[in-house]
Amino acid sequence: MIKSTIKGVGFYVPDNVVTNDDLAKLMTTNDEWITERTGIKERRHRKNRNDSQETTAYLGCKAAEKALENAGLTPKDIDYIVFATLSPDYYFPGCGVLLQDMLGCDTIGALDVRNQCSGFVYSMSVANAFIKSGTYKNILVVGAEVHSFGLDFSDEGRGVSVIFGDGAGAVVLSATEDENAGDILAVNMHSEGKYADELCTQFPGSKFGWSDRMRKEPEHVTNKEVYPIMNGNFVFKHAVTRFPETMMEALNKAGKTVEDLDMFIPHQANLRIAQFVQEKFGLPNDKIFNNIQKYGNTTAASIPIALSEAIEQEKIKRGDLVLLSAFGSGFTWGSVLFEY
């Protein structure tokens, strides 16, 4: 029987640390306000918001190189790429092909996933299906974001802009028939598109306009359309409902219980959401991993960054049962349960 085992992990974040006090110089806010509402103390932003070098694909490449080294593989060993992001280098093509070129992989397939906060969970689900079907042997799954170039650092946008950071994480998912190797035991994916407008960026697109509108009537393109918008309370209420549902679905499918878990890694959206879920399931502190405090919400990158850090810090060991769960824009949500 073919298993999908995590062979290597890696993450990369820009060197530039942006604290809550730094943001207070740009908008009317303070460390206490941000910490109380989100749990975030600092995040990483690329040094120059308009830098054309430190792009999303570049961050993803750095994380992928570490994951490959950790797996003991080379780019030539990879036969497929799945790249999750909401902040691609170009509107098209996607970052997957850019990563293929940066790494020097063969002319392999490269798929982009645009599922925002649940993007990495969706990507792992897709990669697992390819592995289990025998289609591919070594798949590079990447989540990467550069949010800092597209945030509104004014009082109008502070409710969103204080949350997000830049970064990337990567996993090498490999096929094996080793009885002692880990395996992905259960996956699930869900969506509820009627709430799309509650967390989105409206412009550009076929609904709110394209480059012709920006050129002909730039004065009518509003900040609300250009920058991310979020109905925070509405999103929070749905997240704390969907997280427990998707978690239990994965556990039940694999015949496992919450007590069987060695580690739960939620999408790093808001520390208050993670704490709510932790309390609901009675998870001790050593069975949940949060790093939003120092990286902020890195959307598709948040779970692979957290997974890589948890393994690096030896909080996850081979044989451990690990659950990854995410909820976000779309609305979309889902989980991946695996033995590491």
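Residues numbered from 1 in each chain as written. Predicted model: local features only at pLDDT ≥ 70, side-chain atom pairs only at ≥ 80, totals over all residues. Heavy atoms only, no water.

- Per an unreviewed UniProt entry, the chain goes by Beta-ketoacyl-[acyl-carrier-protein] synthase III and derives from Chryseobacterium gallinarum.
- The Subcellular location (unreviewed entry) comment attached to the chain in UniProt states, word for word, "Cytoplasm".
- The UniProt entry for the chain carries the following comment under Subunit (unreviewed entry): "Homodimer." (UniProt positions renumbered as here; feature names shortened; annotations may be inferred.)

**What to know about the pairing of strand E6 (residues 138-145)**
Thought 1: Counting buried positions along E6 yields eight of eight residues, so the element is predominantly enclosed.
Thought 2: Here E6 shows a buried face lined by Asn 138, Leu 140, Val 142 and Ala 144 and a second buried face lined by Ile 139, Val 141, Gly 143 and Glu 145.
Thought 3: The sheet contact formed by strand E4 (residues 80-84) and E6 spans five bridges and is parallel. Across the sheet, the residue bridging to Ala 84 is Gly 143, located in E6.
Thought 4: Bridging between E6 and strand E7 (residues 167-176) involves eight bridges; their strand directions are antiparallel. (Buried < 20%, exposed > 50% of the residue type's maximum accessible area, 1.4 Å probe, protein only. Helix = DSSP H or I, 4+ residues; strand = E, 2+ residues; numbered from the N terminus. Pairing = 2+ DSSP bridges.)

**Overview of unusual backbone geometry**
Residues other than glycine predominantly adopt negative phi, and peptide bonds predominantly adopt the trans conformation.
Thought 1: Along the chain, Phe 203 connects to Pro 204 via a cis peptide bond; the corresponding omega equals 0°.
Thought 2: The topology assignment puts Pro 204 in the loop between strand E9 (199-200) and helix H7 (211-216).
Thought 3: Put simply, Gly 330 and Phe 331 share a cis peptide bond, and its omega is -20°.
Thought 4: As for its position among the elements, Phe 331 is in the loop between strand E12 (321-328) and strand E13 (332-339).
Thought 5: At Gln 116, a position not held by glycine, the phi torsion is positive, near 50°.
Thought 6: When you line up the elements, Gln 116 lands in the loop between strand E5 (109-113) and helix H5 (119-132).

**Remarks on the environment of Asn 252**
Thought 1: Within the secondary structure, Asn 252 sits in helix H9 (residues 232-254).
Thought 2: For the pair formed by Asn 252 and Ser 308, sequence separation is 56 residues and the distance between their alpha carbons is 26 Å.

**Structural notes on the environment of Asn 48**
Thought 1: Looking at where Asn 48 falls in the secondary structure, it is placed in the loop between strand E3 (42-44) and helix H3 (56-71).
Thought 2: Taking the C-alpha atoms as reference points, Asn 48 and Asn 16, 32 residues apart in sequence, are found 9.3 Å from one another.

**Considerations on a nonpolar patch on the surface**
Thought 1: Together, Tyr 91, Phe 92 and Trp 210 line one region of the surface with nonpolar side chains, adding up to about 410 Å² of accessible area.
Thought 2: With respect to the helices and strands, the residue Trp 210 is situated in the loop between E9 and H7. (Patch = residues over 30% accessible without salt bridge, like charges linked within 9 Å, V, L, I, M, F, W, Y side chains within 5 Å. Areas by Shrake-Rupley, 256 points an atom, 1.4 Å probe, with all protein chains shown as cover. Salt bridge = Lys/Arg side-chain N within 4 Å of Asp/Glu carboxyl O.)

**Digging into the sheet that holds E5**
Thought 1: Reading across from one edge, E1-E7-E6-E4-E5 is the order of the five strands in this open sheet, with mixed pairing throughout. At either margin of the open sheet sits one strand with a lone partner, and together these are strand E1 (3-12) and E5. Each strand of the sheet is rotated relative to its neighbour by a mean of 20°, with strand direction disregarded.
Thought 2: In this structure, E4 lies alongside E5, joined through five bridges in parallel fashion. Within E5, the position partnered with Ala 84 by the bridge is Val 113.
Thought 3: Sitting on the sheet, helix H12 (residues 302-312) touches E1, E6 and E7, and the angle it makes with E1 is about 95°. (Axes fitted to C-alpha atoms, helices over the stretch in contact; angles between N-to-C directions. Contact = heavy atoms within 4.5 Å.)

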